[in-house]
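A structural walkthrough
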Amino acid sequence: MIFREEIYCTFHHDYEANQLGVFYDMYEKGCIYRGVKPIHWSPSSKTALAEAELEYKDITSTAVYFKLPMLHSQYSEQTNFLVWTTTPWTIPANAAICYNPDIKYAIVKTNDSEESYVIALDRKEELEKIFQTELHVVGSIEGTLLQEASYTHPIYPEKTCPLLPATHVTSDSGTGLVHTAPAHGPEDYDVARKHNIQIECGVDGEGKYTSLFGKILQGKDVLTKGNAKVISILEANSLLYKTQDYTHRAAHDWRTGGPVILRATPQWFANVSGLVEQAKLALKKVRMVPATSINNLLGHLEGRKDWCISRQRSWGVPIPVFYSSDESPLITRESTH
């Protein structure tokens, strides 16, 4: 095999030094920032992952329909918002329900209960099939009227949460009302930031609940025992409406094969929105073997705004940042050279 003089290896010191120089240049141009937002996190390798480090597998999860009691209801004393989620383990982090102001909502009842439920009117027929019961419409609510509504948190009844408008809510699936946990979803995070809701993450690097959610959940793995415990708490509080098996594609760590969760942690990000077109042009000048590999890289660039560049690993080139006593980062030209 013939090695050309112009080849480079990522473990060469010259290459590593150049990486640090490029990092500082990007920082000076405002492309590098540190933030707390939900990122892909691998509990099995205890690190953040980029989109390119994920592989997707078909799995079957337990999805739940659960009730959130409406406060100060003008409709009946037992009116609930009915919500669907495929990630029950995120319910302790619930901070709001999102609704779409353009959707028409109905208040429905079943034959065997005095309780009433708020759902998107367009979802009524599909939910009747799923619940195998008839839903009787006893009232209607325009989406815009939900703005002043609130409800009792399903795990912590002393906590009151709001309903918030959001365009990502549709009536294509679920109930037309979306459980919102800012630390565990990009749309959830965006809504929380817009409405100044505090973002707290109660899941540690091993994928276990911290003390934030109390002793009843602390230390439990969120994807196994923790998930099951949350469902049992909902059932004990008479808030579990229905469980169902849900088959879907889920992200996994390409190194360990373990499942990946979304978790808000302080990380370093590169804002690449202004670099995408330049990067795509540069990629097209690179000869790749096999040639189809370029399509994968181009796909990762499409629609990309932020790239999580920090990792919690013992290998690779570290981000050259020192922190002051108040934990604010200090970056200088000297620290990168």
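This report concerns the structure included in the present document.

Quick notes on the rules
- Residues numbered from 1 in each chain as written.
- Predicted model: local features only at pLDDT ≥ 70, side-chain atom pairs only at ≥ 80, totals over all residues.
- Heavy atoms only, no water.
- Helix = DSSP H or I, 4+ residues; strand = E, 2+ residues; numbered from the N terminus.
- Buried < 20%, exposed > 50% of the residue type's maximum accessible area, 1.4 Å probe, protein only.
- Contact = heavy atoms within 4.5 Å.
- Axes fitted to C-alpha atoms, helices over the stretch in contact; angles between N-to-C directions.
- Parallel < 35°, antiparallel > 145°, perpendicular 65-115°, else oblique.
- Core = buried A, V, L, I, M, F, W, Y, C linked by side-chain atoms within 4.5 Å.
- Salt bridge = Lys/Arg side-chain N within 4 Å of Asp/Glu carboxyl O.
- Phe/Tyr/Trp six-rings, centres within 6.5 Å; stacked < 30°, edge-to-face > 60°.
- Lys NZ or Arg CZ within 6 Å of the ring centre and 35° of its normal.

**A look at the overall build of the protein chain**
Counting its regular elements, the protein chain contains 6 helices and 16 strands. In terms of overall dimensions, the protein chain has a C-alpha envelope of 80 × 50 × 35 Å along the principal axes. By the burial criterion, 43% of the 337 residues in the protein chain qualify as buried. Looking at the protein chain alone, contacts between residues at least 24 apart form 71% of all its contacts between residues at least 6 apart.

**Here we look at the environment of T167**
Note on placement: T167 falls in the loop between β10 (160-165) and β11 (178-180). Along the primary structure T167 and N100 are separated by 67 residues, whereas in three dimensions their C-alpha atoms are 5.8 Å apart.

**Points about the packing of helix α5 (residues 276-283) against helix α6 (residues 293-301)**
Between α5 and α6, the shortest axis-to-axis distance is 10 Å and the interhelical angle comes to 175°. The orientation of α5 with respect to α6, classified from their angle, is roughly antiparallel. Counting all contacts with α5, which are made through V276, A279, K280 and L283, the residues of α6 involved are I294, L297, L298 and L301.

**What about the environment of V169?**
Its location among the elements puts V169 in the loop between β10 and β11. On the basis of relative accessibility, which here comes to 1%, the residue V169 falls in the buried class. As for V169 and P329, which are separated by 160 residues in sequence, their C-alpha atoms are 37 Å apart. Contacts of V169, omitting those with residues within four sequence positions, involve C98, Y99, N100, I103, Y105, G176 and V178.

**Things to note about the nonpolar core**
Nonpolar side chains in soluble globular proteins tend to be buried together. In terms of nonpolar packing, the biggest core is built from 48 residues, with F81, Y105 and L177 touching the most fellow members. Residues contacting L177, with those up to four places away along its chain left out, are F81, L82, V83, W84, I97, C98, Y99, Y105, V118 and L146. In this structure, L82, W84, I119 and L127 belong to the second largest nonpolar core, which totals 12 residues.

**What about the pattern of salt bridges?**
Applying the stated criterion across every chain, the model contains 8 salt bridges. Put simply, D58 and R249 hold a salt bridge, and the shortest N to O gap is 3.5 Å. On the criterion of sequence distance, the pair formed by D58 in strand β3 (residues 54-69) and R249 in strand β12 (residues 240-253) is long-range, its members being 191 residues apart. Note that K280 and E277 form a salt bridge whose closest N and O atoms lie 3.6 Å from each other. With K280 and E277 both in helix α5 and 3 residues apart, the pair spans about one turn of that helix. Since its relative accessible area comes to 13%, K280 is described here as buried. For E277, a relative accessible area of 54% gives the class exposed.

**Focus on the packing of aromatic side chains**
Applying the stated rule across the entire model yields 9 aromatic pairs. Residues W84 and Y246 carry aromatic rings whose centres are separated by 5.4 Å and whose planes lie at 85° to one another, so their mutual orientation is edge-to-face. Of this pair, W84 sits in strand β4 (residues 79-85) while Y246 sits in strand β12, placing them 162 residues apart in sequence. A relative accessible area of 29% means that Y246 is categorised as partly exposed. For the pair Y209 and F213, a centre-to-centre distance of 5.8 Å together with 80° between the ring planes defines the contact as edge-to-face. Each member of the pair, Y209 together with F213, is buried. Taken together through their ring pairs, the aromatic side chains of Y65, W84, Y117, F131, Y241 and Y246 make up a single cluster. Directly above the aromatic system of W41 lies the positively charged group of R263, at a separation of 4.4 Å from the ring centroid.

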